[in-house]
Amino acid sequence: MDKNGYKVINMNAGLMVDNDTKKILSTLFSKYDKEDIHLVYVGESINTHIKSLDLDRFSSDVDSLLKENTNKNAHVVLNNIISSIKSIKSYGIKGGKRIYVDYDKERKVKNRKDKENNRRGVARISRYSNINNELPKEYEDKIICGDSLELMKKLPDNCVDLIFTSPPYNFGMEYTSNKDDHNWDSYFKQLFDIFDEGIRVLKYGGRFVVNIQPLFSDYIPSHHIVSKFFLDRGMLWKGEILWEKNNYNCKYTSWGSWKSPSSPYLKYTWEFVEVFAKGTLKKEGVKENADISADEFKKWVVAKWSIAPERRMKQFDHPAMFPEELASRVMKLFSFKNDIILDPFNGVGTTTSVAKRLERRYLGIDISKKYCDKAIKRLKEVLL
Ligand SMILES: C[S@@+](CC[C@H](N)C(=O)[O-])C[C@H]1O[C@@H](n2cnc3c(N)ncnc32)[C@H](O)[C@@H]1O
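Residues numbered from 1 in each chain as written. Predicted model: local features only at pLDDT ≥ 70, side-chain atom pairs only at ≥ 80, totals over all residues. Heavy atoms only, no water.

Thoughts on the environment of A74
Positionally, A74 belongs in helix α3 (residues 72-86). For A74 and D20, which are 54 residues apart along the polypeptide, the C-alpha to C-alpha distance reads 7.8 Å. Ignoring sequence-local partners within four residues, the contact set of A74 consists of T21 and I24. (Helix = DSSP H or I, 4+ residues; strand = E, 2+ residues; numbered from the N terminus. Contact = heavy atoms within 4.5 Å.)

Some points on the nonpolar core
Core analysis: the biggest nonpolar cluster contains 38 residues, and F195, F208 and F230 have the highest contact counts within it. At nine residues, helix α6 (residues 184-201) tops the list of elements feeding residues into this core. Apart from residues no more than four positions distant in its own chain, F195 is found in contact with T165, P167, F208, V210, V226, F229, F230 and F345. With 27 residues, the next largest nonpolar core counts I9, I24, V62 and A74 among its residues. (Core = buried A, V, L, I, M, F, W, Y, C linked by side-chain atoms within 4.5 Å. Buried < 20%, exposed > 50% of the residue type's maximum accessible area, 1.4 Å probe, protein only.)

As for a nonpolar patch on the surface
Taken together, F297, V301 and V302 make up a surface patch of nonpolar side chains, about 270 Å² in accessible area. By the secondary structure assignment, V302 is in the loop between α8 (294-300) and β12 (304-306). Judged by its relative accessible area of 52%, V302 is exposed. (Patch = residues over 30% accessible without salt bridge, like charges linked within 9 Å, V, L, I, M, F, W, Y side chains within 5 Å. Areas by Shrake-Rupley, 256 points an atom, 1.4 Å probe, with all protein chains shown as cover. Salt bridge = Lys/Arg side-chain N within 4 Å of Asp/Glu carboxyl O.)

Things to note about the sheet that holds strand β9 (residues 202-212)
Strand order in this open sheet of eight strands is β7-β14-β13-β8-β9-β11-β10-β12, and the pairing throughout is mixed. Two strands lie at the open edges of the sheet, namely β7 (142-145) and β12, each paired on one side alone. Recorded for the sheet is a direction-independent mean angle of 20 degrees between the axes of neighbouring strands. Pairing analysis gives two bridges linking strand β8 (residues 160-165) to strand β13 (residues 340-343), with the strands arranged parallel. Along β13, the bridge assignment pairs I163 with L342. Most of the contacts of helix α7 (residues 222-232) go to strand β11 (residues 270-277), to which it runs at about 0 degrees, and overall it touches β9, β10 (236-244) and β11. This element, helix α11 (residues 350-357), spans β7, β8, β13 and β14 (361-366) of the sheet and lies at about 170 degrees to β14. (Pairing = 2+ DSSP bridges. Axes fitted to C-alpha atoms, helices over the stretch in contact; angles between N-to-C directions.)

Some thoughts on the packing of aromatic side chains
By the definition in use, this model includes 19 aromatic pairs. Measuring from centroid to centroid gives 5.5 Å for Y268 and W270, while their planes differ by 80 degrees, and the two rings are edge-to-face. According to the relative accessible area criterion, Y268 is partly exposed, its value standing at 28%. Here W300 and W305 contribute two aromatic rings whose centre-to-centre distance is 6.5 Å and whose plane-to-plane angle is 55 degrees, an arrangement assigned as tilted. The same class applies to W300 and to W305, which are both buried. Taken together, the aromatic side chains of W184, Y187, F188, F192, F195, F208, F229, F230 and F276 make up a single cluster linked through ring pairs. One residue, R57, lies across the ring of Y32, its end atom 4.1 Å from the ring centre. (Phe/Tyr/Trp six-rings, centres within 6.5 Å; stacked < 30°, edge-to-face > 60°. Lys NZ or Arg CZ within 6 Å of the ring centre and 35° of its normal.)

Regarding the sheet that holds strand β6 (residues 97-99)
Pairing within the open sheet is antiparallel, and its three strands lie in the order β4-β6-β5. Each edge of the sheet is formed by a strand with only one pairing partner; in this case those strands are β4 (52-53) and β5 (92-94).

Quick look at the pattern of salt bridges
Inspection of the entire model under this criterion finds 26 salt bridges. Note that K153 and E150 form a salt bridge whose closest N and O atoms lie 3.7 Å from each other. Residue classification places K153 among the partly exposed positions, given a relative accessible area of 47%. Owing to a relative accessible area of 43%, E150 belongs among the partly exposed residues under this scheme. Its salt-bridge partner being R357, residue E324 comes within 3.8 Å of it at the nearest N-O pair.

Observations regarding the domain arrangement of the chain
Assigned domains within the chain: domain 1 (7-99) and domain 2 (134-380). A straight line from the C-alpha centre of domain 1 to that of domain 2 covers 46 Å. (Domains from an automatic or database assignment.)

Right, here's the structure in full:
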């Protein structure tokens, strides 16, 4: 960054910039606020000084000028400018513009790391072993029909990189397999027994990601209860994603609550995705196995994801699937290629088919044979 706060892209034009080219450049840059971007000529070099830019608009302006003008010098210079701007990999996004300077400035706190460590105290001292194991080959890339609690007991400690799942919600859904209408205490007891096994089989540094929708009509905040469970187990809270489904077609009232403060009933168009880490917030992985693009990363670390609900539930005959896009974002953001992904409530196999498509290894468990058969069929349709 220069003293005026611009990122400076130095470009030796490699040729004399003729007057015609200068005119073309001035036409282009006159369309943009000097505060955002401008050119400075230094001898034979052209320096682009940039703070922020709507790159799509700029690219299309450059394309138009390339079409309108035949001057070869102008073509070389314009192409150099656009390709050097496009090659900048670090930027923020604000109001449709890429921000190239100061986008990552945090408020400065002296000795931030030490202070963070002091605040954490004993709560952050990991109780988990950091010795990871391999998932036995017989469980790799498998869909297994059975009770997760029993099946996970057969797996060694610390052998799975990422668990992504959505448990039965206790809404009274019509699953083929299990009752979905328990007393809340027995529901959470059964769920947490399975989650305990999940935590055990999760690697040190592995992530446990749970999609959960509270049953608001029962006033049971399941997402908080689930989060408290993980915190009590010493798992580290990595974050919470708000999955905005934009399904506004819910009714506005029930009898007696319309337009009255006595008991207004709140509406939710979203679900939660809670993310926990075992032992450490940082996950080990080979850099080449990270498959998230720069744009995806920038968009998805903003933890409100607008994704339409799965539309094929009738086709799959399953009442509570999550969409592939949700699984895909979770996997690309929190796991590496070749990692082991486990879904202990795999349903008709959304997690496992996305894992296969994204070149992860997987294990899906569901208690229903019918759902497992569909998950297996779905895997066969995944094209690599
Ligand atoms: C919310 S659904 C998951 C749907 C899945 N995410 C999908 O997209 O297909 C919960 C699933 O948990 C399964 N299930 C319930 N109890 C189970 C248990 N003890 N062990 C394994 N699966 C169980 C149900 O059969 C149901 O398919």
